[in-house]
Amino acid sequence: ETKARPVFLLHNCFSAKVYFYECQTRVCASNFLCTRDMTITTVARPGWAIVGTGAIATQFAEDLVSQRNTNPVAVVSRTKERAVAFGSKYGIPLDGCYDDMDALLKDPRVNVVYIATPHTRHVEESIRCIEAQKHVLCEKPLALRSADAQRVYDAAKKHNVFCMEALWSRFIPALVEVKKLVQGGELGRLLSVDVDFGFDGSDAPARLMDPALGGGALFDIGIYPIALATSLLPPGAGAPELVQARARRADNSCDRTFDAELAYPTAKDNAVALTMRLSVVEDTSQVAVVRGTKGVLVVDAPQHSPDSFTVNGVRKEVPKAGHGLHYQVGEVEACIAAGQLQSASVTWQESVQWAATLERLQAAELSAARARKTGRV
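The paragraphs below set out a description of the structure included in this document. All of these numbers come straight from a predicted model, not from anything done at the bench.

Calculation criteria
- Residues numbered from 1 in each chain as written.
- Predicted model: local features only at pLDDT ≥ 70, side-chain atom pairs only at ≥ 80, totals over all residues.
- Heavy atoms only, no water.
- Core = buried A, V, L, I, M, F, W, Y, C linked by side-chain atoms within 4.5 Å.
- Buried < 20%, exposed > 50% of the residue type's maximum accessible area, 1.4 Å probe, protein only.
- Helix = DSSP H or I, 4+ residues; strand = E, 2+ residues; numbered from the N terminus.
- Contact = heavy atoms within 4.5 Å.
- Phe/Tyr/Trp six-rings, centres within 6.5 Å; stacked < 30°, edge-to-face > 60°.
- Pairing = 2+ DSSP bridges.
- Axes fitted to C-alpha atoms, helices over the stretch in contact; angles between N-to-C directions.
- Polar contact = N/O pair within 3.5 Å; in protein donor to acceptor, adjacent residues only side chain to side chain.

For the rest of this paragraph, the subject is the nonpolar core. Within the largest apolar cluster, 73 residues are counted, with the highest numbers of intra-cluster contacts made by Trp48, Phe60, Val193, Phe258, Leu297 and Leu361. Of the residues forming this core, the biggest block, seven residues, is contributed by helix H8 (residues 223-232). With residues up to four places along the chain from it excluded, the contact list for Phe60 reads Trp48, Ile50, Tyr114, Leu137, Leu325, Gln328 and Val329.

Here it is, written out as structure tokens:
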């Protein structure tokens, strides 16, 4: 068994994701280890458990079954009835449907846990899984505070298990191609990234507008434009400098909209500007515009999960399969097979920096709002 890093992907005739390793050994989604001479040996796929039975957990399970040909082995929900109802849809055995987290973590069939609960539960549930020697893929945001994100990764390092924030957009085929083009110099020197991301959340779960559960525009969707920008930055770019931030808040203080401008310093004494406009109360264009010294690239809606983009006037279609949540599963499984604790595509350091940026944006906006209220600005 090799532990080399996968260097690219190929779709075979069965639409399975095949990971090619630098030592010419590959692991594919059809449960085979395939060497260069096409000798095939069966290998075990990790057993996936899902924590939560809400909308994102449902989409994840749908993609796991339809796109990866894999049934989860366990699920946990607040009630046994909800767990059983969820499990019956996705081939989870009855004895793998739990209403108790500890019972799920004792299940020997479970190797990897996907956490899809409200934001404020992510840190403690991730650490519980890690301490039970289970690998973790945790929905974004992993943490609302950078110190808490670091705690999760410190635990993963201590217990020698894989952990990744589920920034699934990093693995969407169109965005993988966008990153390749921008970092390859197609637009020249990167100047700015402008992201518009708004949706009507009137039918969304109550937690979306509950600040006690990490709701609001910034913490629910703010990570997407930040992660897009950081994926395109040149090597050596530093932590962002805040330019300005402003929110419109509901009566319960939850941010209905959040606008911000950031500047990312680069090694050549230039700065890449990130402008983001977020909303959880109205639909917006949901496009991203990337500008460089040699042109413009427009990521079509929805910019966090697109099927196309236009670069210097030329449109390119790069459709995703399913909901697009299964691509990150391939990364997780490849990293685990290679004995890695983190992904090179979503590193622990970058994840902690995302949390720190969100934290700074929230603090800066609240401070500015207080100053406006007292008439000091």
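Let us keep going from here.
Turning next to the packing of aromatic side chains. Under the definition given, this model contains six aromatic pairs. On the basis of an interplanar angle of 55° and a centroid distance of 5.7 Å, the ring pair of Trp48 and Phe60 is categorised as tilted. Of the two residues, Trp48 is situated in strand S6 (residues 48-51) and Phe60 in helix H1 (residues 55-66); the sequence distance between them amounts to 12 residues. As far as burial versus exposure is concerned, Trp48 and Phe60 are alike and both buried. Measuring from centroid to centroid gives 5.0 Å for Phe86 and Tyr90, while their planes differ by 55°, and the two rings are tilted. According to the relative accessible area criterion, Phe86 is buried, its value standing at 5%.

Glancing now at the sheet that holds strand S17 (residues 295-299). Pairing within the open sheet is mixed, and its eight strands lie in the order S13-S14-S15-S12-S16-S17-S18-S19. Both outer strands of the open sheet, strand S13 (241-249) and strand S19 (314-317), are each paired with one neighbouring strand and no more. With strand direction ignored, the average angle separating the axes of adjacent strands in the sheet is 10°.

In this structure, Glu177 sits in helix H6 (residues 173-183). In contact with Glu177, not counting residues within four places along its chain, are Phe309 and Lys316.

For the rest of this paragraph, the subject is the sheet that holds strand S11 (residues 163-166). Sheet strands line up and pair through hydrogen bonds in the backbone, either parallel or antiparallel. Pairing within the open sheet is parallel, and its six strands lie in the order S8-S7-S6-S9-S10-S11. Sheet topology places strand S8 (97-98) and S11 at the edges, where each strand pairs with a single neighbour. One ladder, built from four bridges, connects strand S10 (residues 135-139) with S11; its direction is parallel. In the strand pairing of S11, Cys138 is matched with Glu165. Here helix H9 (residues 327-337) sits on the sheet in contact with S6, strand S9 (112-115), S10 and S11, set at roughly 170° to S11.

We now examine the environment of Thr347. On the secondary structure map, Thr347 appears in the loop between H9 and helix H10 (348-373). Judged by its relative accessible area of 24%, Thr347 falls in the partly exposed class. Residues Thr347 and Met164, spaced 183 residues apart in sequence, show a C-alpha to C-alpha distance of 7.5 Å. At 3.1 Å, the side chain of Thr347 and the backbone nitrogen of Glu350 are in polar contact.

Turning our attention to unusual backbone geometry. Lys140 connects to Pro141 through a cis peptide bond whose omega is -15°. Here Pro141 shows up in the loop between S10 and helix H5 (146-159). With a phi angle near 60°, Asn160 is a residue other than glycine that sits in the positive phi range. Relative to the elements of secondary structure, Asn160 occurs in the loop between H5 and S11.

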